[in-house]
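Examining the three-dimensional arrangement
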Amino acid sequence: MLSTFLAYLQFKLGAQFDNSGHAISDTSWSAQLQGSERLWMLLEGTHVLTLMLFAGSILFVDLRLLGVTFKNTPVSKVTDTLIPYTVAGFIVMLLTGAALFFANPLEYYHNVIFRLKFIFLIAAAANIFYFHYRVQANRAAWDNQAKPPASARRAAAFSLALWIGVIVAGRFAAYDWFSCDTAQGFVAAAAQCSERSVTLAAVETELAP
Ligand code: HEM
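Residues numbered from 1 in each chain as written. Predicted model: local features only at pLDDT ≥ 70, side-chain atom pairs only at ≥ 80, totals over all residues. Heavy atoms only, no water.

Some thoughts on the UniProt feature "transmembrane region" (unreviewed entry) in the protein
The condition is simple: UniProt positions are given in the numbering used here, feature names are shortened, and annotations may be inferred rather than shown by experiment. The way it works is that DSSP assigns letters per residue, a run of H or I at least four long becomes a helix, a run of E at least two long becomes a strand, and they are numbered from the N terminus.
The positions that UniProt labels "transmembrane region" (unreviewed entry) are, in the present scheme, residues 39-61, 82-102, 114-133 and 154-174. Secondary structure across residues 114-133 divides into 100% helix and 0% strand, with the first and last C-alpha atoms of the span separated by 29 Å. The span residues 154-174 carries 90% helix and 0% strand; its end-to-end C-alpha distance comes to 31 Å.

Structural notes on the environment of S25
Where we set the bar: Classification of residues uses two cut-offs on accessible area relative to the type maximum, computed with a 1.4 Å probe and protein chains only: under 20% is buried, over 50% is exposed, and between them is partly exposed. Any two residues having at least one pair of non-hydrogen atoms within 4.5 Å are treated as being in contact.
Turning to its location among the elements, S25 is positioned in the loop between β1 (23-24) and α2 (29-34). For S25, a relative accessible area of 29% gives the class partly exposed. When the C-alpha atoms of S25 and K12 are compared, they prove to be 8.6 Å apart, with 13 residues separating the residues in sequence. For S25, the residues in contact, after removing those within four places along its chain, are L207, A208 and P209.

Things to note about the nonpolar core
The condition that has to hold: In plain words, nonpolar cores are sets of buried Ala, Val, Leu, Ile, Met, Phe, Trp, Tyr and Cys residues tied together by side-chain atoms within 4.5 Å.
Judged by nonpolar contacts, the single largest core of 16 residues is most densely connected at L33, W40, I113, A191 and C193. Those elements that provide at least two residues to this core are α3 (39-65) and α6 (112-133). In terms of residue count, α6 provides more of this core than any other element does, three residues in total. Those residues in contact with A191 that sit more than four places away from it in its chain are H110, V112, R115 and C180. Of all hydrophobic cores here, the second largest spans eleven residues; its members include L65, V75, W142 and A152.

Description of the site of the ligand
Here is the rule: Only a single heavy atom is needed: when it lies within 4 Å of a molecule or strand, its residue is near that molecule or strand. N or O atoms closer than or at 3.5 Å make up a polar contact, with two conditions inside protein: a donor-capable atom paired with an acceptor-capable one, and, for residues adjacent in sequence, both atoms drawn from side chains. Only Asp, Glu, Lys and Arg are considered charged in this grouping, and only Ala, Val, Leu, Ile, Met, Phe, Trp, Tyr, Cys and Pro are considered nonpolar; every other residue, Gly among them, is considered polar.
In the region of the ligand, 24 residues are neighbours, and E44, H47, Y108, K117 and R171 sit closest. Residue E44 places a side-chain N or O atom 2.9 Å away from an oxygen atom belonging to the ligand. K117 is positioned with one of its side-chain polar atoms (N or O) 2.6 Å from a nitrogen atom of the ligand. Sorting the residues of the shell around the ligand by element identifies α3, α4 (75-102), α6 and α8 (150-172) as the ones contributing at least two each. With seven residues, the single largest contributor to the shell around the ligand is α4. Of the residues that constitute the shell around the ligand, the class distribution is 18 nonpolar, three polar and three charged.

A word on α4
Defined as follows: Any helix carries an expected span of 1.5 Å times its number of residues minus one. In this analysis the local bend is the angle between axes fitted, respectively, to the seven residues ending at and the seven residues starting at the residue.
In this model α4 runs 39 Å from its N-terminal to its C-terminal C-alpha over 28 residues, within 8% of the 40 Å that 1.5 Å per residue would give. The sharpest bend along α4 measures roughly 35° and falls at L82, with the proline P84 sitting one to four residues further on. Within α4 the residues assigned to the buried category are V75, S76, V78, T79, L82, T86, G89, M93, T96 and L100. Packed against the buried residues of α4 are α3, α5 (105-109) and α7 (139-142).

Points about the packing of α3 against α4
Threshold: Axis definition: a line fit to C-alpha positions, over the contact stretch in the case of helices; interaxial angles, taken between N-to-C directions, run 0 to 180 degrees. These descriptions rest on fixed angle ranges, namely under 35 degrees for roughly parallel, over 145 for roughly antiparallel, 65 to 115 for roughly perpendicular, and the rest for oblique. Crossings are sorted by hand: turned counterclockwise from the far helix by less than a right angle, the near helix makes the crossing left-handed, and turned clockwise it makes it right-handed.
Between α3 and α4, the shortest axis-to-axis distance is 8 Å and the interhelical angle comes to 155°. As the angle between them shows, α3 and α4 are arranged roughly antiparallel. Viewed along their axes, α3 and α4 form a crossing whose handedness is left-handed. Each residue belonging to the contact of α3 with α4 can be placed in one class, and the counts come to 18 nonpolar, nine polar and two charged.

What about the side chain of Q136?
Examined against the element boundaries, Q136 turns out to sit in the loop between α6 and α7. When near neighbours in sequence (up to four residues on either side) are disregarded, Q136 contacts F131 and W142.

Overview of the packing of aromatic side chains
Two measures describe an aromatic ring pair: the distance that separates the ring centres and the angle between the ring planes. Rules: For Phe, Tyr and Trp, where Trp contributes only its six-membered ring, two rings pair if their centres lie within 6.5 Å, and the inter-plane angle classes them as stacked under 30 degrees, edge-to-face over 60, or tilted in between. Charge over a ring is defined by NZ of Lys or CZ of Arg lying within 6 Å of the ring centre and within 35 degrees of the ring normal.
Per the stated rule, a full pass over the model turns up eleven aromatic pairs. Ring geometry for F114 and F118: centres 5.4 Å apart, planes at 40°, overall tilted. Here F114 and its partner F118 are both found in helix α6, four residues apart, which amounts to about one turn of the helix. Using a relative accessible area of 13% as the deciding quantity, one classes F114 as buried. According to the relative accessible area criterion, F118 is partly exposed, its value standing at 40%. Among the aromatic residues, those joined into a cluster by ring pairs are F101, Y108, F114 and F118. Seen from the ring of Y109, R115 lies directly overhead, with NZ or CZ sitting 4.5 Å from the centre.

What follows is the structure, encoded as structure tokens:
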């Protein structure tokens, strides 16, 4: 179902159609973005550069929570100073990430490393909510402590590990090492490669060369 919708985005949305109603290959908006000389690179460059702002600000908050850096500065001061940069970075990463995804939606959706990136992303978001609503609830009691309590340090360690996971998976998603063209067994099942084959076969009959 989702696969069919993503195939529509990838092959048909914005495409030109021939006289018999077949979408002409490589004319969809998605294909044009993928084949663009500069736009895709500009988007990816922005995605990666914003990573510095996003991951850099998270790194310093997590190191403070772990009791490694800025030990004499209240935790609230470190977070209040850096969170606007994290939020700004996240918004740009989300927008540029969505645009990059749009350039090749069916392939990213069936890419096992890209799926891993999303699992890390969701886990990191859940960790933020857990920190915000549970751990931080009694922050006033440990705001000035050089070494915050174990629950805060644990959330910071999870945060670091999960964001590193997102970044590493993001980097490796670019390679086709585990692509559905060669994947077998567990990897093929995790990426739902058989669903991709069915979707592609259906698309092929609707495309003009
Ligand atoms: C804030 C969290 C995110 C982080 C830390 C992150 C990190 C990365 C990294 C490190 C890369 C590799 C860039 C390179 O080639 O060197 C990347 C690429 C990419 N990201 Fe993200 N990303 C994030 C969010 C997203 C979101 C929300 C989406 C989609 C909705 C997304 C979609 C993509 C795509 C499609 C690529 C291109 C992969 C390729 O080269 O083919 N990212 N990201």
